[in-house]
Amino acid sequence: MSETPQVSRADPKDRARALQSLLIEQGLASTDAIDEVVSKYEQEIGPMNGARAVAKAWTDPDYREWLLEDGSAALDDLGYTGMEGVDMGVYENTSDVHNVIVCTLCSCFPWPVLGLPPTWYKSPPYRSKMVKHPRRTLREEFDVDVSEDVEIRVWDTSAEVRYMVLPQRPAGTEGMSEEELADIVTRDSMIGVERLGDEHVEDLR
Amino acid sequence: MTDEVDRTIEEIKDAVGPPQDGDRLVFDAPWQARAFGLVVTLYRQGLFEWNEFQSRLIEQVQVDAFEDQEEDPESVYYRQWIAAFEQLLADKELLDDVALEERTLEFAHGERDASEFVVGEEGGHGHTH
Amino acid sequence: MTTGHSHSHSHSHHHDHDVTVELDEEPRFDPGQRVRLNRAVIEKYKRRPEYAEGADGVVEQVRGAYLPPTATDEIEGEYLYSVRFRPRQIWGDDHPEKNGSVYIDVWEDALDER
């Protein structure tokens, strides 16, 4: 490590400020630019982007095919691109296959369509458990019971591609508009740790 | 020290408090937003490839595998983020170790504060507050 | 909307520089080909992904050519592959999962034919 012990022991607040201070001084950054990035991720970029793509895929078969075949282009078409989402792979959950994403090494996540990852996604327990014991982890930690005859595919974000799950459209949504459908698609369902429509099953019990 | 992996995902969720999406703020603290904004801003200017930062983040995550259970996960994460960024800047010779240490201590000792970042205050560095 | 879209990587909204590259060489491996993760995964690419080192898998797809994180001025790029593993190929025959797959993106140099 290059940082001195003084720096690594300092309050991260002071480290962040020192970095900003020096980088601005050197003309490599501006407060405006930094604030703009933060603001964009606080307000614009989030799972509603992915939800819109999902709703569109559910209602437009051609778009669904495009999304699955060339996720980058199909999402770019909606304006969701750039940065971490350099290349996107979108995988569809069906009655035979359940997909789930993880980054075992750090925290890579499809920012343009899902925003920044939740804390648990970045945590060591998730990163190690989901790749090795996905079925058990989904059941015990996320209340998602995937039956043994359904194949679980774990996508480890190990390089330049980012992943998103296209969840199965739940029953009872037949009459809904694209906008209404987008409202029911959650970030967790696009990670693969939630199954939409499960709560209806709960209601029946 | 317990292996961080042994914690359940539920414990992690509890550590940060509900809710985990929608209503929750994207950043827990201004310094975390600042750290995030800094790295992304410099990346956008083409000063490094994203995977160059990512490689160092991966290293930090590995080094940090055994953690003080008291520290909240988001703080842990963004501390790793900052350390990775500092390493990257050093490797790219964009930042000098000595300058970084001095500046960090100035903030730590209250000789400088975040008001120097307020837009409109030209030449904030060089003034003491 | 037709599916005859070009697979070029120049996105109209793409403000940030592209990391995809064009290479003269063809990919060494084809979809469906059986491969094994070698030590380069640890040594050259620093632990990405260490847990599957030595495991046998199948190429699912050629992702394309990119600048890997270990790129230097001499390296023009390398092919990246999506490789599918059965859990037991990674964690051994005693592993409980019988109906699962792990998909990992792996650089060409970390793969051997088998």
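Each value, and the rule that gives it
- Residues numbered from 1 in each chain as written.
- Chains lettered and ligands numbered in written order.
- Predicted model: local features only at pLDDT ≥ 70, side-chain atom pairs only at ≥ 80, totals over all residues.
- Helix = DSSP H or I, 4+ residues; strand = E, 2+ residues; numbered from the N terminus.
- Buried ≥ 20, exposed ≤ 12 C-beta atoms within 10 Å, placed from the backbone.
- Contact = placed C-beta atoms within 7 Å.
- Pairing = 2+ DSSP bridges.
- Axes fitted to C-alpha atoms, helices over the stretch in contact; angles between N-to-C directions.

1. Concerning the overall build of chain A
Argument step 1. A count of helices and strands for chain A gives 13 helices and 4 strands.
Argument step 2. Projected onto its principal axes, the C-alpha coordinates of chain A cover approximately 60 × 35 × 30 Å.
Argument step 3. Burial analysis of chain A (205 residues in total) assigns 60% to the buried set.
Argument step 4. Counted over contacts in chain A with a minimum sequence separation of 6, partners at least 24 positions apart contribute 72%.

2. Brief notes about the sheet that holds strand E2 (residues 97-102) of chain A
Argument step 1. Pairing within the open sheet is mixed, and its 7 strands lie in the order E2(A)-E3(A)-E4(C)-E3(C)-E2(C)-E1(C)-E5(C). Where the open sheet ends on each side, the last strands, each with one partner, are E2 of chain A together with strand E5 (111-113) of chain C. With direction set aside, neighbouring strand axes in the sheet form an average angle of 35 degrees.
Argument step 2. Sheet analysis places strand E3 (residues 151-156) of chain A next to strand E4 (residues 100-107) of chain C, joined by 5 bridges and oriented parallel. Pairing of Trp155(A) across the sheet is with Tyr103(C), part of E4(C).

3. Overview of the environment of Thr173(A)
Residues and elements named next belong to chain A.
Argument step 1. Take Thr173: it is sitting in the loop between strand E4 (161-166) and helix H11 (178-184).
Argument step 2. With 14 C-beta atoms packed within 10 Å, Thr173 lands in the partly exposed category.
Argument step 3. Distance from Thr173 to Ile152, taken between C-alpha atoms, is 25 Å for residues 21 residues apart in sequence.

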